[in-house]
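# Coordinates in review
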Amino acid sequence: MSEHPTPSGPATAPPAAPDAPPARPGLTARAWRTVRSSRAASLGLAVVAVHLAVALLAPLLTPYAPTVGDPAHALLGPGADHWAGTDQYGRDVLTRVLYGGRYALGVSLAATLLTVAAGTVLGCATALRGGRVDDALMRVLDAVLSVPSILALLVVVTALGSGPAVIVLAVAVVYIPQVVRVVRGAALAVVPADYVTAARARGESTWSVLRREVLPNITDVVCVEFAMRASWVVLLISSLSFLGFGADPPTPDWGLMVAENRTAITVVPMASLAPIIALATLVVGLNLAADGLSKAWGVDRIREGNR
């Protein structure tokens, strides 16, 4: 008998591997899409950008020096030469407001960066370690949070003296505990994830797990916290200057301007109202940006802080 070869069909190709899940877009791309889709975030960031541009371009926007006065032209109302009038020392009010943004933005940005950076590292590390370390640190933070912010700030400034560096350090001491609570709450939702457990099983260090596994997944919370914290820092620093513990005269600072001109508010109201308006618009812009980002990213700061 002759064997008939069994006809073989066309070779079957192995099944294609499933497509890999799309990579999560980077923070910059997501932030840009959020800003474009959120009217509040767009408006808030636009207001902050205007303040930043005005502060940087202040020497080009006014012909006057912010610290040089002319006693012969003191307490003038708004006019062609001085759009917002002059203060009791004959200094142009508008010029001091424009230059005052430099101090407010510079010191506040430095203080906010230090506060959020330190609070983020401590919050993530505490969530990763857990146990007694977590309990002990949270009890210490609760004790610090029981002290009013302005009182704690005054104590630090009184002990260490004034100056931008001291103010930055004082603000960090006051606000780091609050940032730690918020970031810790967000990190506690990430720590039980499989990829964090796998990283720990591989023997990676705490810092490596924090940097590669935890931080990328709570960046939204950190960004919202930065924007919200910046608005509080601006107000706190201005309050400190108003009380005489912040910027030293004749530094152009909004809080200091209000303190210097409040006794003459009935004579030259713009000398006090102009810095108040500048401060209010900056704080409103920061709050709008924080609220817009928070709603767009679904970040609940109250819930995160109470974990």
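Residues numbered from 1 in each chain as written. Predicted model: local features only at pLDDT ≥ 70, side-chain atom pairs only at ≥ 80, totals over all residues. Heavy atoms only, no water.

What follows concerns the overall build of the chain. A count of helices and strands for the chain gives 13 helices and 0 strands. Each helix and strand of the chain, placed in order from N terminus to C terminus, yields the pattern α-α-α-α-α-α-α-α-α-α-α-α-α. Taking all 307 residues of the chain together, 43% fall into the buried category. Here the analysis covers contacts within the chain between residues at least 6 apart in sequence; of these, 74% occur between residues at least 24 apart. For the chain, the accessible surface area stands at approximately 16300 Å², while carbon and sulfur atoms represent 66% of it. (Helix = DSSP H or I, 4+ residues; strand = E, 2+ residues; numbered from the N terminus. Buried < 20%, exposed > 50% of the residue type's maximum accessible area, 1.4 Å probe, protein only. Contact = heavy atoms within 4.5 Å. Areas by Shrake-Rupley, 256 points an atom, 1.4 Å probe, with all protein chains shown as cover.)

A word on the environment of Gln88. Mapped onto the fold, Gln88 is located in the loop between α3 (58-61) and α4 (93-129). The partly exposed category is assigned to Gln88, whose relative accessible area is 33%. Distance in space between the C-alpha atoms of Gln88 and Gly69 is 8.9 Å, their sequence separation being 19 residues. Once you skip the residues sitting within four places of it in the chain, Gln88 turns out to touch Ala74, Leu75, Glu260 and Asn261. In terms of polar contacts, Gln88 uses its side chain to reach the backbone carbonyl oxygen of Glu260, at 2.8 Å. (Polar contact = N/O pair within 3.5 Å; in protein donor to acceptor, adjacent residues only side chain to side chain.)

This part covers the pattern of salt bridges. Counted by the stated rule, this structure contains 8 salt bridges. With a closest N to O distance of 2.9 Å, Asp87 and Arg91 form a salt bridge. For the pair shown, Asp87 and Arg91 are each scored as buried. With a shortest N-O distance of 2.8 Å, Arg181 and Asp142 are connected by a salt bridge. Residue Arg181 is located in helix α7 (residues 164-188), and its partner Asp142 is located in helix α5 (residues 131-145); the two are separated by 39 residues in the primary sequence. On the basis of relative accessibility, which here comes to 22%, the residue Arg181 falls in the partly exposed class. A residue is classified by how much of its surface remains accessible, and Asp142, at 30% relative accessible area, is partly exposed. If you follow the salt bridges from partner to partner, you end up with Asp87, Arg91, Arg96 and Glu260 in one network. (Salt bridge = Lys/Arg side-chain N within 4 Å of Asp/Glu carboxyl O.)

What follows concerns α5. Taking 1.5 Å as the rise per residue, α5 with 15 residues should run 21 Å; its terminal C-alpha atoms sit 21 Å apart, in good agreement. Where α5 is buried, its residues meet α4 and α7. (Expected span 1.5 Å × (residues − 1).)

A word on the environment of Val157. Here Val157 lies in helix α6 (residues 149-160). C-alpha of Val157 to C-alpha of Gly246: the two residues are 89 residues apart in sequence and 8.5 Å apart in space.

All told, the structure shown has 0 aromatic pairs when counted by the stated rule. Here Arg229 stacks its cationic end above the ring of Tyr175, 5.1 Å away from the centre of that ring. (Phe/Tyr/Trp six-rings, centres within 6.5 Å; stacked < 30°, edge-to-face > 60°. Lys NZ or Arg CZ within 6 Å of the ring centre and 35° of its normal.)

Below, the discussion takes up the nonpolar core. Of all hydrophobic cores here, the largest spans 23 residues; its most connected members are Cys124, Leu128, Val183, Val209, Val214 and Ile218. Looking at this core, the elements with two or more residues in it are α4, α7, α8 (194-201), α9 (206-214), α10 (219-242) and α12 (270-297). Residues contacting Ile218, with those up to four places away along its chain left out, are Cys124, Val183, Ala186, Ala187 and Val190. Ranked by size, the runner-up nonpolar core spans 20 residues in total, among them Ala104, Met257, Val268 and Leu279. (Core = buried A, V, L, I, M, F, W, Y, C linked by side-chain atoms within 4.5 Å.)

Attention now goes to unusual backbone geometry. Across the junction of Pro249 and Pro250, the peptide omega takes the value 0°, indicating a cis bond. Phi at Leu75 is positive, roughly 55°, even though this residue is not glycine. Examined against the element boundaries, Leu75 turns out to sit in the loop between α3 and α4.

Most of helix α11 (residues 254-261) is tucked away, with 8 of its 8 residues classed as buried. Those residues of α11 not exposed but buried are Trp254, Gly255, Leu256, Met257, Val258, Ala259, Glu260 and Asn261. At the N-terminal boundary of α11, the capping side chain belongs to Asp253, with an oxygen 3.2 Å from the backbone nitrogen of Gly255.

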